[in-house]
Amino acid sequence: MKRDALKQDERAAATELGYIFTFLLGVLLLTMFSLWAYDIETATRERWNINAIQSNLDDIAAAVERADEASRMGSVEYAEKVTWRSTEADEHRMTLVLTDTTVELIHNGGTLDSNVSISGTGAGGHGGSVVLAGVTSVWIVHSDGITSLEYDRPQSNY
């Protein structure tokens, strides 16, 4: 008769512990990689938002300068459509304000506040504000001696 005896073998336990530690190391490395990738994606999105907003403000400031140039020609009316580039920021909290010397973006959170200087050399004043919620374009209008920001194109009186 053959008898099998139980042996005290600790090699299997050491191997199992090695597997567990290797698995935990893999989980740690994957977690670190996913956090790193998320940080890169977030930073890229924020940089894109800032660049898009700055480009939008530059386009609007250039249109205001063209309206000011037209206003110096005499009694003229001028209107120009400026397309607003989409951003991932909450545009319901953003307001665009035109003053005599700046185009300002006011963000209720305060993190995206920005402005662009304009010469203010037009024959009239500047004014107006636009809440950017759902806006795809902004009109720069010079009429009756005032250059302003508008949601819609002006209607002709003719």
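Let me sum up the structure you'll find in this document. Since we're looking at a predicted model, the values are computed, not measured.

1. Details of the environment of glycine 125
Checked against the element boundaries, glycine 125 lands in strand S5 (residues 125–127). In this structure, the C-alpha to C-alpha distance between glycine 125 and arginine 72, residues 53 residues apart in sequence, is 12 Å. Leaving out residues up to four positions away in the same chain, glycine 125 has contacts with Asp100, Gly145, Ile146 and Thr147.

2. Some points on the packing of aromatic side chains
Summed over the entire model, instances satisfying the criterion amount to 1 aromatic pair. Their ring planes at 45° and their centres at 5.6 Å tell us that phenylalanine 33 and tryptophan 36 sit as a pair that is tilted. With phenylalanine 33 and tryptophan 36 both in helix H1 (residues 11–71), this residue pair falls 3 residues apart, about one helical turn. By relative accessible area, tryptophan 36 is classed as exposed at 52%.

3. Some remarks on the pattern of salt bridges
Oppositely charged side chains may form a pair once their charged atoms are brought near each other. A complete count under the given rule lists 4 salt bridges for this structure. Measuring nitrogen to oxygen at the nearest pair gives 3.0 Å for the salt bridge that ties arginine 45 to glutamate 41. Taken as a pair, arginine 45 and glutamate 41 lie in helix H1 at a separation of 4 residues, close to a single helical turn. Here glutamate 41 falls in the partly exposed class, since its relative accessible area comes to 38%. We note a salt bridge from arginine 66 to glutamate 80, for which the minimum N-O separation is 2.5 Å. In this pair, arginine 66 is assigned in helix H1 and glutamate 80 in strand S1 (residues 78–83), connecting sequence segments 14 residues apart. Taking the relative accessible area as the measure of exposure, arginine 66 reaches 37% and is therefore partly exposed.

The rules behind the values
- Residues numbered from 1 in each chain as written.
- Predicted model: local features only at pLDDT ≥ 70, side-chain atom pairs only at ≥ 80, totals over all residues.
- Heavy atoms only, no water.
- Helix = DSSP H or I, 4+ residues; strand = E, 2+ residues; numbered from the N terminus.
- Contact = heavy atoms within 4.5 Å.
- Phe/Tyr/Trp six-rings, centres within 6.5 Å; stacked < 30°, edge-to-face > 60°.
- Buried < 20%, exposed > 50% of the residue type's maximum accessible area, 1.4 Å probe, protein only.
- Salt bridge = Lys/Arg side-chain N within 4 Å of Asp/Glu carboxyl O.

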